[in-house]
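Observations on the three-dimensional arrangement
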Amino acid sequence: MRSLALIAALALAIPACAQTAAPAPKPVPMPASIATHPDWPAAKNPADVDTIEHLMASLYDVISGPAGRQRDWARFRSLFLPDARMGVIRPATPAAADKPAYAGDVILFTPDTYVERDDPYFKANSFFEHGIANRIETFGNLTSVWSTYESRHATTDAQPFARGINTLQIVHAQGRYWIANIMWDDERPGLTLPDKYLKQP
């Protein structure tokens, strides 16, 4: 009996807060994570981001249209991670009679900068771009896509005015796909798209 009384006395001496397990702390969002951008545009149409193929089709669709048609920039932004980057390769250019030579360069910018740069162009010019073929490699929640594109001033144009490769890093998180990065390079004299990039693998 003496031992039972001692146990009871010890139990009474333990503070109530110590007898209840403390709740697990909530994880702190890492800088530049999706969770630190609660106001970032959600996908306007869940079907834009439910598969890699739909994500790619939405990307080309949202930037395409006739001159003067306002692009849906909220939809455009919603395809990307909040801290996504875009980039274009600029090849070295020899000097000409009316311009100096330029060294090869890479220009990096955000989706917002793309909007600021290209919205005036789209208001004055028709632009239609679509993918010819997508080469998709996936591991876990990470996907790499090499997407061959053609650009036209009108859907009826027999030939594109530009072709090239968009290379994208895409991630799957929170039940949908996001574009993390895009970089692209255009076909040009001395650089022709190989046949393997002109058809689905």
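Quick look at the structure, then.

1. Here we look at the pairing of strand β6 (residues 176-186)
The pairing of strand β1 (residues 80-90) with β6 spans five bridges and is classified as parallel. When the bridges of β6 are listed, Phe80 appears paired with Ile179. Relative to β6, strand β5 (residues 162-173) is paired through 10 bridges, and the arrangement is antiparallel. Note that in β6 the partner of His172 across the bridge is Tyr177. Linking β5 to β6, which pair antiparallel, is a turn of two residues; within it Gln174 sits at a positive phi near 55°.

2. Here's the deal with the side chain of Thr148
Structurally, the position occupied by Thr148 is in strand β4 (residues 142-152). Exposure remark for Thr148: the relative accessible area of 1% places this residue in the buried category. A polar contact is formed between the side chain of Thr148 and the backbone oxygen of Tyr197, at a distance of 2.4 Å. Beyond its immediate chain neighbours, meaning those up to four positions away, Thr148 contacts Tyr60, His130, Gly131, Ile132, Ala133, Gly164, Ile165, Leu193, Tyr197 and Leu198.

3. Concerning the sheet that holds β1
The strand order across the open sheet built from six strands is β2-β1-β6-β5-β4-β3, with neighbouring strands paired in mixed fashion. In this open sheet, the two edge strands, each paired with only one partner strand, are β2 (105-109) and β3 (128-139). Shown here is a sheet whose adjacent strand axes are inclined to one another by a mean of 20°, direction ignored. Pairing of β1 with β2 involves five bridges; the strand directions are antiparallel. Note that in β2 the partner of Val88 across the bridge is Ile107. Docked against the sheet, helix α3 (residues 52-63) engages β1, β3, β4, β5 and β6, running at close to 155° with respect to β3. Packed on one face of the sheet, helix α5 (residues 111-124) meets β1, β2 and β6 and runs near 55° to β1.

What counts and how
- Residues numbered from 1 in each chain as written.
- Predicted model: local features only at pLDDT ≥ 70, side-chain atom pairs only at ≥ 80, totals over all residues.
- Heavy atoms only, no water.
- Pairing = 2+ DSSP bridges.
- Helix = DSSP H or I, 4+ residues; strand = E, 2+ residues; numbered from the N terminus.
- Buried < 20%, exposed > 50% of the residue type's maximum accessible area, 1.4 Å probe, protein only.
- Polar contact = N/O pair within 3.5 Å; in protein donor to acceptor, adjacent residues only side chain to side chain.
- Contact = heavy atoms within 4.5 Å.
- Axes fitted to C-alpha atoms, helices over the stretch in contact; angles between N-to-C directions.

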